[in-house]
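Take a look at the letters that make up each chain.
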There are 2 protein chains.
Amino acid sequence: MTRSILVTGGAGYVGSHTVAALLQRQQEHQDFDIVVVDDLTNAVREPGQKKPEALRIIEELTKKTIHFYEVDIRDAAGLSRIFESHSIECVIHFAALKAVGESVQKPLEYYQANISGTCTLFDVMRKYGVYKLVYSSSCTVYGEPEYLPLNEGHPTGKGLTSPYGKSKYFCEEIMKDICRSDTKWMIISLRYFNPVGAHRSGRIGEDPAGIPNNLMPFIAQVAVGRLNELQVFGNDYNTVDGTGVRDYIHVEDLAEGHVKAVKLFSQPGFSGFHAVNLGTGTGYSVLQMIAAFEAASGRKIPYKIVARRAGDIAANYADVSLSHRLLGWRATRTLDDMCRDTWRWQSNNPNGFKRS
Amino acid sequence: MTRSILVTGGAGYVGSHTVAALLQRQQEHQDFDIVVVDDLTNAVREPGQKKPEALRIIEELTKKTIHFYEVDIRDAAGLSRIFESHSIECVIHFAALKAVGESVQKPLEYYQANISGTCTLFDVMRKYGVYKLVYSSSCTVYGEPEYLPLNEGHPTGKGLTSPYGKSKYFCEEIMKDICRSDTKWMIISLRYFNPVGAHRSGRIGEDPAGIPNNLMPFIAQVAVGRLNELQVFGNDYNTVDGTGVRDYIHVEDLAEGHVKAVKLFSQPGFSGFHAVNLGTGTGYSVLQMIAAFEAASGRKIPYKIVARRAGDIAANYADVSLSHRLLGWRATRTLDDMCRDTWRWQSNNPNGFKRS
């Protein structure tokens, strides 16, 4: 059997861009099959199609086949069948629920999907002798920054306000303990800052169900006319213009970070748990993002300043030195690239993957 | 259907004593059926018997019937069948793995049993409209004490060294989030200090598999001749005699704390998450425990001072004012009671529940 990379949640936003980046790399190396498992909670599949739209489009763009399984990762038997059918070399684990606000309303769903699901995955991996994992973590684990930029040595788990953030922190702790208990494990936990942007083709991108939770898709939906107006949560933070500052990173840069992480597994002597930031190292304010998006799209983004949102912090951005040192990776795409690619995706697909 | 209390892990040490205390109370009130679910990971069942020894003996002592199901709480379908068959009013949730040292070796097993299991239980409870839970927590959630005595406002989750301790802390956080998301939930998390002792009958008690992890069963097995010598981990702590100080509490006191907690559910206006210490408020050193046990048993306990054990703290003991205020409960049994009852159990049953 060809060696395979299993991508859980590979039909989602970051997952699908990573699948695209892996297949792009495969065109150079021809070394891995890509196997995706996704329960389609957050993905669109057209009637009559076997595969979700994002994967169907990637196959079209790359002329490659993606093996797809519609399975919930909490289903140990379903996961086991995938490990029986493919020679899995390593796993990139995106499958999770990810809406911060929703997690406050539905904590049990979040803990079950994100923690029980991850534990079941680990259990099945171990059963099949697979010990290499790239984990989809978040800068949320740092809580309110004690200093900036945030490096990987910053304390984690303190004052976390959402079940989503706690679930990522708990999973990191679980992975640390697993790596301590058995040196066969190699786990790279990638702590994403704020992924934005879309594939250069303009054919895959972020497609949140309902009202977007994150700034960039919200701006894009205002630009395209799906939403009337942006709400800016607070302009009295201690930042350049009073609005919140975040480290936005292009999803294609992020995807390439995962490709680099997978390469690390074949480095002699590599083992254990490693947390690595994926960001650009630069923070932009909400007003700066609006201005950049207006410039890239040529559209006016009407906005209104409203009260701060509970749990929001003033600013965060990454210390990116470890990602460069360990992965040999750096974000290369600019804020303008992020806005332009988001706009290409959004304007070509005003309703996301759903055909109008 | 008679209203029932579901006790998960009810065949274990604290679980079985709580079942006994509930049935004792029932002899006064006749109000609840007792339903036990246990996967028998840590319980002995004699060949040909349907019920584990601890429950069989309790039935004999109380002349009451216990409904018993051999089910792993991660089995949602199995749990659901129990909720279909009984009118469950509230749940006392003991089912968990509990050996600190083993949890370092087998973290995934601990996280799956203690976190995934608890989430599955909550999911099934909600499905059947049951929102009242007493949770079996531990003073381990406090980590290294910042001050003594430990009250419930002491920070939790900082510097926890074992997957066992983390699993208890994570579950408390999950329960807090669930209570925030839906005011129907009533959860009392009982933070046990160090449960010791045995039922006054001398017929049920602590029966650890393999070498005991905790001091009291170790001392008892030395006293009865199953083990040769006690190892005392460090005598250079900043305590009365240099050995570690803990707040030991009689398991029958602890069991009565659970009975009181269940009563709280019927108090008008009670809701949300409440963490409550169950301890005596008094700490005893290892050497004090040895001396007390020697006095109670009339046996000499040979011991040897060895190096400190990683992760051990110098001293902890509880502030017990909240348990008194909220539950109307106080530990009444003395150190001598703890030793005498442990010795009665151990000397009557040198091999625990296993008939020799």
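Read on for a plain summary of the structure. These figures come from a predicted structure and were not determined experimentally.

Analysis parameters
Residues numbered from 1 in each chain as written. Chains lettered and ligands numbered in written order. Predicted model: local features only at pLDDT ≥ 70, side-chain atom pairs only at ≥ 80, totals over all residues. Heavy atoms only, no water. Helix = DSSP H or I, 4+ residues; strand = E, 2+ residues; numbered from the N terminus. Expected span 1.5 Å × (residues − 1). Buried < 20%, exposed > 50% of the residue type's maximum accessible area, 1.4 Å probe, protein only. 1 Å grid on protein atoms, 1.4 Å probe; cavity = no way out; pocket = protein on both sides within 12 Å on 5 of 7 lines; lining within 4 Å. Points joined across faces, edges and corners; volume = space filled by probe spheres on them. Nonpolar A, V, L, I, M, F, W, Y, C, P; charged D, E, K, R; others polar. Contact = heavy atoms within 4.5 Å. Polar contact = N/O pair within 3.5 Å; in protein donor to acceptor, adjacent residues only side chain to side chain. Least-squares fit on C-alpha atoms with pLDDT ≥ 70 in both. Pairing = 2+ DSSP bridges. Axes fitted to C-alpha atoms, helices over the stretch in contact; angles between N-to-C directions. Buried area = accessible area lost by both parts, 1.4 Å probe. Salt bridge = Lys/Arg side-chain N within 4 Å of Asp/Glu carboxyl O. Phe/Tyr/Trp six-rings, centres within 6.5 Å; stacked < 30°, edge-to-face > 60°. Right-handed = clockwise from strand over helix to strand, strands pointing away.

1. Re helix α8 (residues 251-264) of chain A
Note: α-helices contain 3.6 residues per turn, so residues at a spacing of three or four share the same orientation. The terminal C-alpha atoms of α8 of chain A, which comprises 14 residues, lie 20 Å apart, in line with the 20 Å expected from a rise of 1.5 Å per residue. Of all the 14 residues making up α8 of chain A, 11 are buried; the element is thus mostly covered by neighbouring parts of the structure.

2. Looking at empty space enclosed by the protein
Here the structure, examined in full by the defined rule, presents 3 cavities of 30 Å³ or more. Computed from the structure, the largest cavity encloses a volume of approximately 80 Å³. Lining of the largest cavity is provided by Tyr-13, Val-196, Gly-197, Gly-205, Glu-206, Pro-208, Met-216, Pro-217, Ala-220, Thr-342, Trp-345 and Gln-346 of chain A. Those elements giving two or more residues to the lining of the largest cavity turn out to be α7 (215-223) and α11 (335-348) of chain A. A per-class count over the lining of the largest cavity returns 7 nonpolar, 4 polar and 1 charged. The calculated volume of the second largest cavity comes to roughly 50 Å³. For the second largest cavity, the full set of lining residues is Tyr-13, Val-196, Gly-197, Glu-206, Met-216, Pro-217, Ala-220, Thr-342, Trp-345 and Gln-346 of chain B. Breaking the lining of the second largest cavity down by element, the ones donating at least two residues are α7 (215-223) and α11 (335-348) of chain B. Broken down by class, the residue content of the lining of the second largest cavity amounts to 6 nonpolar, 3 polar and 1 charged.

3. Description of the environment of Arg-330 of chain B
Residues and elements named next belong to chain B. Topologically, Arg-330 is positioned in the loop between α10 (321-327) and α11. Through-space distance from the C-alpha of Arg-330 to that of Ala-54 is 26 Å; in sequence the pair is 276 residues apart. When near neighbours in sequence (up to four residues on either side) are disregarded, Arg-330 contacts Asp-253 and His-324. Within the structure, the side chain of Arg-330 is placed 3.2 Å from the side chain of His-324, a separation counted as a polar contact.

4. Some remarks on the relation of the copies chain A and chain B
Overlay of chain A on chain B (RMSD 0.0 Å): rotation 180°, translation along the axis 0.0 Å. Overall, the copies show the geometry of a two-fold rotation axis. Using C-alpha coordinates, one finds that chain A approaches the rotation axis most closely at Ser-116 of chain A, a distance of 2.4 Å.

5. Some points on the sheet that holds strand β2 (residues 33-38) of chain A
Residues and elements named next belong to chain A. Read from one edge to the other, the open sheet built from 7 strands follows the order β3-β2-β1-β4-β5-β6-β11, with strand pairing classed as parallel. Two strands bound the open sheet, and with one partner strand each, they are β3 (66-70) and β11 (272-278). Averaged over all adjacent pairs, the angle separating strand axes in this sheet is 20°, with direction ignored. Here strand β4 (residues 87-93) runs beside strand β5 (residues 132-138); their pairing, made up of 3 bridges, is parallel.

6. Comments concerning the interface of chain A and chain B
At the junction of the two partners, chain A supplies 24 residues and chain B supplies 24 residues. The junction of chain A with chain B conceals about 2,100 Å² of combined surface from both sides, 59% of it contributed by carbon and sulfur atoms. Interface area lost by chain A to chain B is led by Leu-108, Phe-170 and Asp-177 of chain A, which between them contribute 25%. Across the chain A-chain B interface, the total number found is 6 salt bridges. Two residues, Arg-126 of chain B and Glu-109 of chain A, come together in a salt bridge whose shortest N-O distance is 3.0 Å.

7. As for the pattern of salt bridges
Residues and elements named next belong to chain A. Evaluation of the coordinates by the stated rule reveals 58 salt bridges over all chains. The partner of Arg-333 in a salt bridge is Glu-256, with the nearest N and O atoms 3.1 Å apart. With Arg-333 in the loop between α10 (321-327) and α11 and Glu-256 in helix α8, the pair connects residues that are 77 residues apart, well separated along the chain. Residue Arg-333 is classed as buried on the basis of its relative accessible area, which comes to 19%. Given a relative accessible area of 30%, Glu-256 falls into the partly exposed group.

8. A look at the sheet that holds strand β4 (residues 87-93) of chain B
All names here are of chain B. Taken in spatial order, the 7 strands of this open sheet run β3-β2-β1-β4-β5-β6-β11, and their pairing is parallel. The sheet is open, and its two borders are formed by β3 (67-70) and β11 (272-278), each paired with just one other strand. This sheet shows a mean twist of 20° between the axes of neighbouring strands, independent of strand direction. Taken together, the 5 bridges between strand β1 (residues 3-8) and strand β2 (residues 33-38) define a ladder with parallel strand orientation.

9. Some words on the packing of aromatic side chains
Counting across every chain of the model gives 21 aromatic pairs over all chains. Geometrically, the ring pair formed by Tyr-169 of chain A and Phe-170 of chain A is tilted, given 5.9 Å between the ring centres and 55° between the ring planes. Classification of Tyr-169 of chain A by relative accessible area gives buried; the value is 9%. On the accessibility criterion, Phe-170 of chain A (1% relative accessible area) is buried. Judged by centre distance (6.0 Å) and plane angle (85°), the rings of Phe-293 of chain B and Trp-343 of chain B are edge-to-face. In this pair, Phe-293 of chain B is assigned in helix α9 (residues 286-297) and Trp-343 of chain B in helix α11, connecting sequence segments 50 residues apart. On the basis of relative accessible area, Phe-293 of chain B is assigned to the buried category, the value being 0%. Taken together, the ring pairs in this structure connect Tyr-111, Tyr-169 and Phe-170 of chain A together with Tyr-111, Tyr-169 and Phe-170 of chain B into an aromatic cluster.

10. Some remarks on the pairing of β5 of chain A
Residues and elements named next belong to chain A. Counted residue by residue, β5 has 6 buried out of 7 residues, so it is predominantly covered. In the sheet, β5 pairs with strand β6 (residues 186-192) via 7 bridges, with the strands oriented parallel. Each bridged residue has a counterpart across the sheet, and for Leu-133 the counterpart in β6 is Ile-187. In this fold, the crossover linking β5 to β6 by way of helix α6 (residues 163-181) has right-handed handedness.

11. Topic: the side chain of His-258 of chain B
Residues and elements named next belong to chain B. Relative to the elements of secondary structure, His-258 occurs in helix α8 (residues 251-264). Assessed through its relative accessible area of 0%, His-258 is described here as buried. Within the structure, His-258 has its side chain in polar contact with the backbone oxygen of Leu-254 (distance 2.8 Å).

The values reported here are purely geometric and, on their own, carry no functional implication.
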